[in-house]
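In case you want the letters, here they are:
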Amino acid sequence: MAKKVARPNKKPPEAESRPPTPAEIAALATCERYGNKADELLEILHDLQHQLGHIPEETLPIIGRALNRSRAEVHGVVTFYHDFKRHPIGKHVVKICRAESCQAVGTDELCRHAEQSLNTRLGGTTGDGSITIEQVFCLGNCALSPAVMVDEKLYGMVDPKRFDEIVAGLNKEAAE
């Protein structure tokens, strides 16, 4: 088994010439809260995403140095798990199931409708930053297909009309 060689905890030259960003400061503080332990990487990433709304690219080398891991190792974890977001997402996340059961009862039509009504593609965020729509492959609500999850709330038997009602509720909530 290969022995892990400690890398010097030196910043790259471009990082030395500028003050750290708020995201970099948050990443360092988060790593410190977890004792700079490499086996806490998933918890660190979840915590950082909770704080910032996503995992900014500039935090990857910071986390890597703090945990004595390469930027590539941290990047690999961030990109492997679909719940880690690399860019800011909307205030609300709408997940539309595209698994077989939902496909059988019209999720393709629902996806087209969602893209058209929100004026963004699956994986995108509305222009006002309020809603991100994502495709997922099984929400575990097959008996009530097509299924949609908004933030943490699951909806079943969602057709375009019901989708519009759900989104209108989000918009009404934002206006209050």
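Residues numbered from 1 in each chain as written. Predicted model: local features only at pLDDT ≥ 70, side-chain atom pairs only at ≥ 80, totals over all residues. Heavy atoms only, no water.

Caption draft 1: Representation of the sheet that holds strand E3 (residues 148-150) in the model. Reading across the sheet, the four strands line up as E2-E1-E3-E4 and stay open at both edges, with mixed pairing between neighbours. Each edge of the sheet is formed by a strand with only one pairing partner; in this case those strands are strand E2 (131-136) and strand E4 (153-155). In this sheet, neighbouring strand axes are inclined to one another by 20° on average, regardless of whether the strands run parallel or antiparallel. With six bridges connecting them, strand E1 (residues 92-97) and E2 associate as parallel partners. Paired with Cys97 across the bridge in E2 is Val136. Against the sheet, helix H7 (residues 107-118) touches E1, E2 and E3, its axis set at about 155° to E1. (Pairing = 2+ DSSP bridges. Helix = DSSP H or I, 4+ residues; strand = E, 2+ residues; numbered from the N terminus. Axes fitted to C-alpha atoms, helices over the stretch in contact; angles between N-to-C directions. Contact = heavy atoms within 4.5 Å.)

Caption draft 2: Expanded view of the environment of Leu170. Take Leu170: it is sitting in helix H8 (residues 160-175). Excluding residues within four positions of it along the chain, Leu170 makes contact with His92, Val94, Ile131 and Val150.

Caption draft 3: A look at the nonpolar core. Within the largest apolar cluster, 17 residues are counted, with the highest numbers of intra-cluster contacts made by Leu41, Leu45, Ile55, Ile63 and Val78. Only helix H2 (22-33), helix H3 (41-52), helix H4 (59-67) and helix H5 (71-80) provide two or more residues apiece to this core. For this core, the leading source of residues is H4, giving five residues. Sequence-distant contacts of Leu45, defined by excluding residues within four places in its chain, comprise Ile55, Ile63, Val77, Val78 and Phe84. Membership of the second largest hydrophobic core comes to 16 residues, among which are Leu110, Leu118, Ile131 and Val167. (Core = buried A, V, L, I, M, F, W, Y, C linked by side-chain atoms within 4.5 Å. Buried < 20%, exposed > 50% of the residue type's maximum accessible area, 1.4 Å probe, protein only.)

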